[in-house]
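Geometric and topological summary
Letter by letter, the chains look like this.
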Amino acid sequence: QVQLVESGGGLVQAGGSLRLSCAASGRTFSSYSMGWFRQAPGKEREFVAAITGSGGRTFYADSVKGRFTISRDNAKNTVYLQMNSLKPEDTAVYYCAADLPGYTIVTRAYEYNYWGQGTQVTVSS
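Predicted model only: the values in this text are computed from it and were never measured.

The next thing to look at is the packing of aromatic side chains. This structure, assessed with the given rule, holds seven aromatic pairs. Here the aromatic residues Phe37, Phe47, Phe59, Tyr95, Tyr112 and Trp115 are joined through ring pairs into a cluster of three or more. In this arrangement the basic side chain of Arg45 is found over the ring face of Trp115, its NZ or CZ atom lying 4.7 Å from the centre. Residue placement shows Arg72 over the ring face of Phe29; its charged tip is 4.4 Å from the ring centre.

Next up, the structure:
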C-alpha cells in the first residue's frame, strides 16, 4: 500500500514555471512506476508523464513534451513534475499515481492502483 500527497500547485502567468511534488509513504517507493495525470473541468483525466521505478525511463504526452520533465528521488520517496513554458490550456487539477511493477511505463489511468488527492494548477493568459 502507498499513500500519495501532491503539492506545488498554484496560479502562474502564461510562460511561467511550476514544480509539482508528490510525496509517497512506504518503504518500497522505488518498486513503483509513477505517473502524472491532469483533469480540466468538463474533461476526462488525461495522461501527462510517467517514470519507471529506477527513474531510468520516462514518457510524455505530446502536449507537454519539451516543456515538462518528470523525475524522482527514491531516497526522498518523491516524484516531481517540472512544468515550464506553461500555457492556459495546462490549467487543470494534477494528480500523481503509483503502480506495480516498477519496470514499466504506464500511461493508462485505469492501470494505476494508487492516487493522490490532486493539486490545482491555474495558468492565466
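With that settled, consider the sheet that holds strand 8 (residues 78-83). A sheet is described by the order of its strands in space; here four strands give the open sequence 1-3-8-7, paired in antiparallel fashion. In this open sheet, the two edge strands, each paired with only one partner strand, are strand 1 (4-7) and strand 7 (68-73). Neighbour-to-neighbour, the strand axes of the sheet open up by a mean angle of 15 degrees, direction not taken into account. In terms of strand pairing, strand 1 meets strand 3 (residues 18-24) through four bridges, oriented antiparallel. Bridge pairing in strand 3 places Leu4 opposite Ala24.

Reading guide: rules and limits
Residues numbered from 1 in each chain as written. Predicted model: local features only at pLDDT ≥ 70, side-chain atom pairs only at ≥ 80, totals over all residues. Heavy atoms only, no water. Phe/Tyr/Trp six-rings, centres within 6.5 Å; stacked < 30°, edge-to-face > 60°. Lys NZ or Arg CZ within 6 Å of the ring centre and 35° of its normal. Pairing = 2+ DSSP bridges. Helix = DSSP H or I, 4+ residues; strand = E, 2+ residues; numbered from the N terminus. Axes fitted to C-alpha atoms, helices over the stretch in contact; angles between N-to-C directions.

Interpretation in functional terms is not warranted from these geometric data alone.
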